[in-house]
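One-letter residues, chain by chain:
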Amino acid sequence: MELEEMKERWAALNDCLERTEMLQESVIRELVQMKGEKSVNRLINWETFGFVVTILIIPYCIYVYHRFGGHFAMWDLFIRVAIVVDGLLVFWTGYKLYGLMKIDFTKVVKENIFRINRYTVQIAREKIFTAAIIGPLFVILSVVMSIEMKAPDFIWGVLLGVVVTTTVACYWLYKRVFDKNIRRLQESLAVIAEIDEEE
């Protein structure tokens, strides 16, 4: 009789242990999923902000071009380049935003990992393009434009301040916003994939 009772208790304990493990995995998955969704939402918010700003810059540049253009060739060139680059940024930011919005934690983890890896590559390319082409292009155009306009000394100080502030802001944005949230999202997806493999 005691042996039968021990077997029943052992089976009950085993069932309880299995339910507890499943519950723990479920809770861990839910917490990790919430953390990942929070990171995705932050990235989406920043990309949406960038998308709206790039759209608003185009009419402003067109207004400035028509209002102040025609006096200096480099000024006109600077504004034209700004309009073209900004137009390309609208499409680029929209493309990145579209990819981020497809990340869905209720779907297959491999698809989400693929999407976040693609977004990581896009951000890496954006950093290189910004640092190697866009930044130097606008600095050179600004310097040549200021020389052509015979800008006073305080304009040179303002130009230097804008370049330094923009560089620091871009560095902060990429390190503290994009890289940090991408890393958190990748960690969350790795944990979820590990939990799914164990099931």
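Enquirer: I keep staring at helix 3 (residues 109–149) and nothing clicks. Help me out?
Expert: For an α-helix, 3.6 residues make a turn, and residues three or four places apart therefore share a direction. With 41 residues, helix 3 ought to run about 60 Å at 1.5 Å a step, and its terminal C-alpha atoms sit 56 Å apart, in line with that. Positive backbone phi, approximately 55 degrees, marks Lys150, located one or two places after helix 3.

Enquirer: How should the confidence of the model for the protein be read in this particular structure?
Expert: Low-pLDDT portions of the prediction should not be read for the details of their coordinates. Summarising the model, the protein shows a mean pLDDT of 87, and 95% of its residues fall at 70 or more. The spread of mean pLDDT over the elements of the protein runs between helix 1 (residues 2–68), the lowest at 83, and helix 2 (residues 73–101), the highest at 93.

Enquirer: Looking at this structure, I do not really get the packing of aromatic side chains. What am I missing?
Expert: To describe a pair of aromatic rings, you give the distance between the ring centres and the angle between the ring planes. Within the structure shown, the criterion is met by five aromatic pairs. Geometrically, the ring pair formed by Trp46 and Phe49 is edge-to-face, given 6.2 Å between the ring centres and 85 degrees between the ring planes. Highlighted residues: Trp46 and Phe49, both in helix 1, separated by three residues, approximately one helical turn. With relative accessibility at 32%, the residue Trp46 sits in the partly exposed group. Taken together, a centroid distance of 6.2 Å and an interplanar angle of 70 degrees make the contact between Trp46 and Trp172 edge-to-face. Taken as a pair, Trp46 in helix 1 and Trp172 in helix 4 (residues 153–198) lie far apart in primary sequence, 126 residues in all. Through a chain of ring-to-ring contacts, three or more aromatic side chains come together here, namely Trp46, Phe49 and Trp172. Above the face of the Phe178 ring, Lys96 is positioned so that its terminal group lies 5.9 Å from the ring centre.

Enquirer: What am I meant to see in a nonpolar patch on the surface here?
Expert: On the surface, Trp46, Phe49, Val53, Ile57 and Trp172 cluster together to form a nonpolar patch covering roughly 460 Å² of accessible area. It is helix 1 that contributes the most residues to the nonpolar patch, four residues altogether. Here Val53 shows up in helix 1.

Enquirer: Would you explain unusual backbone geometry in this entry?
Expert: Leaving glycine out, the prevailing phi sign among residues is negative, and the prevailing peptide bond configuration is trans. Phi at Lys150 takes a positive value of approximately 55 degrees, unusual for a residue other than glycine. Tracing the sequence through the fold places Lys150 in the loop between helix 3 and helix 4.

Enquirer: What is the right way to look at the side chain of Asp86 in this model?
Expert: By the secondary structure assignment, Asp86 is in helix 2. Lys96 provides the closest opposite charge to the buried, unpaired Asp86, separated from it by 12 Å. Non-local contacts of Asp86, meaning those with residues more than four positions away in its chain, are made with Thr54, Ile57 and Ile58.

What counts, and where the lines are drawn
- Residues numbered from 1 in each chain as written.
- Predicted model: local features only at pLDDT ≥ 70, side-chain atom pairs only at ≥ 80, totals over all residues.
- Heavy atoms only, no water.
- Helix = DSSP H or I, 4+ residues; strand = E, 2+ residues; numbered from the N terminus.
- Expected span 1.5 Å × (residues − 1).
- pLDDT = per-residue confidence, 0-100.
- Phe/Tyr/Trp six-rings, centres within 6.5 Å; stacked < 30°, edge-to-face > 60°.
- Buried < 20%, exposed > 50% of the residue type's maximum accessible area, 1.4 Å probe, protein only.
- Lys NZ or Arg CZ within 6 Å of the ring centre and 35° of its normal.
- Patch = residues over 30% accessible without salt bridge, like charges linked within 9 Å, V, L, I, M, F, W, Y side chains within 5 Å.
- Areas by Shrake-Rupley, 256 points an atom, 1.4 Å probe, with all protein chains shown as cover.
- Salt bridge = Lys/Arg side-chain N within 4 Å of Asp/Glu carboxyl O.
- Lys, Arg positive; Asp, Glu negative; His and termini not counted.
- Contact = heavy atoms within 4.5 Å.

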